[in-house]
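Residue strings, one per chain:
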Amino acid sequence: MEFNGNLLLHAAPAMVVLSLGELLLLKHDHKKETRKNVLTSFIIGVIFLAVALPLKAVPFIIYSWIYQFRFFDLEQTLFWVIALGILFDDFTCYWSHRMTHTVRFYWASHLVHHSSETYNLTAGIRQSWVGVYTGSFFLWAWIPLLGISPEMMIWVKSISTILQFSLHTEHIRKLPAWVEYIFNTPSHHRVHHSSELRNLDMNCGAMLIIWDRMFGTFRAEEKETDYGLCKKIENPNPVNINFKEFGDIFRDLKKSPRLYDKLMYVFGPPGWSHDGSTKTAKQLRKELSGNATKVVTMRTMVNDPAKVCS
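Our subject in this report is the structure included herewith.

1. Focus: the overall build of the chain
Then step 1. Within the chain, the secondary structure is distributed over 15 helices and zero strands.
Then step 2. Expressed as a percentage of its 310 residues, the buried residues of the chain come to 46%.
Then step 3. Looking at the chain alone, contacts between residues at least 24 apart form 72% of all its contacts between residues at least 6 apart.
Then step 4. Accessible surface for the chain amounts to roughly 16900 Å². Of this, 67% is attributable to carbon and sulfur atoms.

2. Structural notes on the packing of aromatic side chains
Then step 1. In this structure the tally under the stated criterion is 17 aromatic pairs.
Then step 2. Counting every residue linked through ring pairs, the aromatic cluster contains Phe-91, Tyr-94, Trp-95, Trp-211 and Phe-215.
Then step 3. Arg-70 extends its terminal NZ or CZ atom over the ring of Tyr-67, reaching a point 4.1 Å from the ring centre.
Then step 4. Taking NZ or CZ as reference, Arg-213 lies 4.0 Å from the ring centre of Phe-218, over its face.

3. Structural notes on the environment of Thr-185
Then step 1. Relative to the elements of secondary structure, Thr-185 occurs in the loop between α9 (177-182) and α10 (186-192).
Then step 2. If we skip the residues at most four places from it in the chain, Thr-185 touches Leu-167, Leu-175, Val-179 and Glu-180.
Then step 3. Polar contacts involving the side chain of Thr-185 include one to the side chain of Glu-180, which spans 2.8 Å.

4. Observations regarding the side chain of Arg-104
Then step 1. Structurally, Arg-104 is set in helix α5 (residues 104-110).
Then step 2. Accessibility expressed as a relative area gives 7% for Arg-104, which makes it buried.
Then step 3. In contact with Arg-104, not counting residues within four places along its chain, are Glu-245, Asp-248, Ile-249, Asp-252, Tyr-265, Val-266, Phe-267, Gly-268, Pro-269 and Pro-270.

5. Examining unusual backbone geometry
Then step 1. If you check the backbone angles, Asp-201 has positive phi at about 65 degrees while not being a glycine.
Then step 2. Of the residues examined, Asp-201 reaches a relative accessible area of 22% and is grouped as partly exposed.

6. A word on helix α8 (residues 150-165)
For an α-helix, 3.6 residues make a turn, and residues three or four places apart therefore share a direction.
Then step 1. With 16 residues, α8 extends 23 Å between its outermost C-alpha atoms, agreeing within 8% with the 22 Å of an ideal straight helix rising 1.5 Å per residue.
Then step 2. Residues of α8 that are buried: Pro-150, Met-152, Met-153, Ile-154, Trp-155, Val-156, Ser-158, Ser-160 and Phe-165.

7. Description of the environment of Phe-215
Then step 1. As for its placement among the helices and strands, Phe-215 is situated in helix α11 (residues 210-215).
Then step 2. The contact partners of Phe-215, leaving out residues within four places of it in the chain, are Phe-91, Tyr-94, Trp-95 and Arg-98.

8. Regarding the nonpolar core
Then step 1. Counting residues in hydrophobic clusters, the biggest one holds 14 residues, and the most contacted among them are Tyr-63, Trp-140, Ile-143, Ile-148, Met-152, Met-153 and Trp-155.
Then step 2. At the level of elements, α4 (79-102) and α8 are the ones that each hand at least two residues to this core.

9. Focus on the environment of Ser-19
Then step 1. By the secondary structure assignment, Ser-19 is in helix α1 (residues 7-25).
Then step 2. Excluding its chain neighbours within four sequence positions, the residues that come into contact with Ser-19 are Phe-42, Leu-121, Thr-122, Ile-125 and Phe-165.

What counts, and where the lines are drawn
Residues numbered from 1 in each chain as written. Predicted model: local features only at pLDDT ≥ 70, side-chain atom pairs only at ≥ 80, totals over all residues. Heavy atoms only, no water. Helix = DSSP H or I, 4+ residues; strand = E, 2+ residues; numbered from the N terminus. Buried < 20%, exposed > 50% of the residue type's maximum accessible area, 1.4 Å probe, protein only. Contact = heavy atoms within 4.5 Å. Areas by Shrake-Rupley, 256 points an atom, 1.4 Å probe, with all protein chains shown as cover. Phe/Tyr/Trp six-rings, centres within 6.5 Å; stacked < 30°, edge-to-face > 60°. Lys NZ or Arg CZ within 6 Å of the ring centre and 35° of its normal. Polar contact = N/O pair within 3.5 Å; in protein donor to acceptor, adjacent residues only side chain to side chain. Expected span 1.5 Å × (residues − 1). Core = buried A, V, L, I, M, F, W, Y, C linked by side-chain atoms within 4.5 Å.

And the structure:
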């Protein structure tokens, strides 16, 4: 079996055609797409292809060097070896994706993908121009040590990217229950792109949703939601979307002289602040939960005071 490393490049034209086809042929009942938003998505996607894909050779070179020191020699064409390659990649994708939501430096580039306030295939082509420069590909460095070839790794990552692109649609509501339980689906990924507090940082899986179920980041889709960033970008042009958060990080570094605070502004969770002026999703959810408890307690006191005192 030949692992085609150019699979993603071959698929790129089809992604563009499918994105346009969805916009032109399918109706968007409750979400009005704008020409400006579509144009922004395509500009971001085209420049991403121009500046990022040529650098995809760098991870391949590094994985190839590491592969020399592999612990096992595996026959790459065997089904179980390919299955292992997919499983290893998807496990790493989950943690890498989760990191982009919990480490501000990585969120600064990943937020580009979440910046569209409508949810369709054009949102799937919004990819950061600088994400490839952050070095996150080193998280996959353990896989070639176990005997998975760099060629298979790039092939698997290409398939994963194509499948994840297809998740960005509202026109596929629910798939069979067993599929929804094991695999990432449009339903699960809509939750991930939600701008509602209860859904933030949920459903980080790539092809599989089992990692979210195992590590406590799964949330089922319950109702229609709003998409995009919690803090809207006032000037949503492609350049500003790609670089604004990096500028905000530099400005925040000046707020405190303490080294710990400066490190947290870069590597802490998005929303962290040394003075509490802004808050993380975890802090906000805790406050929301506390307020909900107070409401329930007050209702209980009115209805049955004995329950409060017991």
